[in-house]
Amino acid sequence: MTGADIRELARQCGFELAGVARAEPIAERQWFHEWVARGFAAEMRYLTDRRAGLRDDPRNLLASVRSIICVGKLYNSAWPYSTNFHDGERAWISRYAWGDDYHDVLRRGLERMNECLRKRAGAEYESKICVDTAPLLERSYARMAGLGWIGKNTCLINQQSGSWFFLGELLVSLAIEPDEPPPDRCGTCTRCIDACPTAAIVPGALGYTVDSGRCISYFTIELRGAVPEASRAGIGTHIFGCDICQDVCPWNRRAPITDDRPFQPRHFAPPLERLAEIHEDEFRAMFRGTPVTRARYAGFLRNVAVAMGNSGDVRFRTPLEMLSASADALVAEHARWALARLRGA
Ligand code: B12
Ligand code: SF4
Ligand code: SF4
């Protein structure tokens, strides 16, 4: 079986990109540990606890694995980039979180692919599906499988498709002819580094890396506690994730659009005022089945308060006063910060 056979199978199962990497430890695994040692994982314990070492070898996930089939699923829909959308009354949710949770979508596609592969392989084999949460260096293996190069913004970029795609993997005990990594095509460009509002893209072991403790995506999705005060202004009106370093990337200028129903926006740039008023059950209902629930209700209101403070819109004083009386100390403190910022506006 060749990479071409795998790409055909992947296409039939809804994946626009696919390739095969050898299931071996890779030299750059060392950079992951350096990244953690420099504190760039911030408080994401799943990257720093005993699971950190599991990333060194895919055989820690499936002892018999010989090949990693890497797939990419496009999620770009025909809606504006955040860098072309300026409305201080509305909240920015990052592109990847507009529709259904990609973990479910990719897992279903990979299950289908595994079934088809079983019919084609003509031999018994063991397998394991990974989407995001497994301790696997997904971008590194996807690069080895020829899906793209790792840009200075650290996203995997494909020459034809840009970087608006999710990654998933099917680990198999079959030996499949591996693909080759493509060349790095960032050249002398530094647009992502220059555009990042919080200077989160920093020099790394080779090229650049992201200091999560400065990244808006980390603050608004992963961080459970208070956003450091010095970073709040840079967050702008982002309430979940951040797309800026991909919006400005020249390889995304003509990025293909997908019509796939799961990735069409359910709530494009919702009004901040409405979000400040929603109760916990409304929050769950509004974002059920999307990645946004990961922020949890308190984290979400914390993000809404910061965005209102950054909007410069003094009409948000009333909803912010309401949030500053919240029983949740985290929400109340961020609302007080936002009120103070609006007083200076
Ligand atoms: C932790 C994490 C985050 C953290 C840290 C981000 C980071 N840059 O590491 C935070 C919360 C900030 C984050 C944000 C986002 N994330 Co995220 N995240 C992850 C996760 C779970 C682990 C990444 C990791 O291990 N980071 C540690 C660093 C050291 O690892 P790394 O960047 O992969 O680096 C390795 C290789 O890239 C390689 N390498 C690095 N630089 C170079 C340079 C060269 C020249 C070479 C050869 C190799 C190389 O060496 C490193 C060590 O092996 C992965 C899923 C997974 N299991 O891998 C998703 C993942 C990377 N995230 C993803 C997405 C979509 C995002 C966001 C776009 C979401 C958003 N809109 O807000 C942003 C993008 C921010 C950014 N510029 O990275 C996608 C990326 C898809 C793609 N096309 O690249 C992934 C793969 C999830 C998925 N399954 O689709 N994320
Ligand atoms: S996601 Fe946003 S904050 Fe994070 S590195 Fe990219 S531009 Fe900077
Ligand atoms: S903006 Fe430029 S430097 Fe950054 S990832 Fe894209 S091509 Fe590379």
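Residues numbered from 1 in each chain as written. Chains lettered and ligands numbered in written order. Predicted model: local features only at pLDDT ≥ 70, side-chain atom pairs only at ≥ 80, totals over all residues. Heavy atoms only, no water.

**Structural notes on the sheet that holds strand β7 (residues 165-172)**
If you walk across this open sheet you meet the 4 strands as β1-β2-β7-β4, and the pairing is antiparallel. The open sheet has two edge strands, β1 (17-22) and β4 (127-130), and neither has a second partner. For this sheet, the mean angle separating the axes of adjacent strands, direction not counted, is 20°. For β1 and strand β2 (residues 67-74), the ladder comprises 6 bridges, and the chain directions are antiparallel. The residue of β2 that forms the bridge with Leu17 is Gly72. Helix α1 (residues 3-12) rests against β1 and β2 of the sheet, and its axis sits at about 140° to β1. Strands β2, β4 and β7 of the sheet are contacted by helix α5 (residues 102-121), whose axis makes an angle of about 35° with β7. (Pairing = 2+ DSSP bridges. Helix = DSSP H or I, 4+ residues; strand = E, 2+ residues; numbered from the N terminus. Axes fitted to C-alpha atoms, helices over the stretch in contact; angles between N-to-C directions. Contact = heavy atoms within 4.5 Å.)

**Some words on the site of ligand 2**
By nearness alone, every residue bordering ligand 2 is listed as Cys196, Thr198, Ala200, Ile201, Cys215, Ile216, Cys242, Ile244 and Cys245. Taken together, the residues of the shell around ligand 2 sort by class into 8 nonpolar, 1 polar and no charged. (Near = heavy atom within 4 Å. Nonpolar A, V, L, I, M, F, W, Y, C, P; charged D, E, K, R; others polar.)

**Details of the pattern of salt bridges**
For the structure shown, the criterion picks out 16 salt bridges. The partner of Arg214 in a salt bridge is Asp211, and the shortest N-O contact between them spans 3.5 Å. Given a relative accessible area of 35%, Arg214 falls into the partly exposed group. Overall, the relative accessible area of 12% leaves Asp211 in the buried class. Note that Glu222 and Arg294 form a salt bridge whose closest N and O atoms lie 2.9 Å from each other. (Salt bridge = Lys/Arg side-chain N within 4 Å of Asp/Glu carboxyl O. Buried < 20%, exposed > 50% of the residue type's maximum accessible area, 1.4 Å probe, protein only.)

**Here's the deal with the site of ligand 3**
The local shell around ligand 3 consists of Gly151, Lys152, Asn153, Ile157, Cys186, Cys189, Arg191, Cys192, Cys249, Pro250 and Trp251. Among the residues making up the shell around ligand 3, the classes are represented as 7 nonpolar, 2 polar and 2 charged.

**As for the nonpolar core**
Counting 110 residues, the largest nonpolar core has Ile69, Leu117, Ile239, Phe300 and Leu320 as the members making the most contacts within it. Not counting chain neighbours up to four residues away, the residues in contact with Leu117 comprise Met1, Ile6, Leu9, Ile69, Tyr125, Leu170, Val172 and Leu174. (Core = buried A, V, L, I, M, F, W, Y, C linked by side-chain atoms within 4.5 Å.)

**Focus on the environment of Arg95**
Relative to the helices and strands, Arg95 is located in the loop between β3 (92-93) and α5. Considered as a pair, Arg95 and Pro80 are 15 residues apart in the sequence and their alpha carbons are 9.5 Å apart. Look past the residues within four positions of Arg95 in its chain and what remains in contact with it is Tyr75, Asn76, Ser77, Trp79, Pro80, Tyr81, Trp164 and Asp243.

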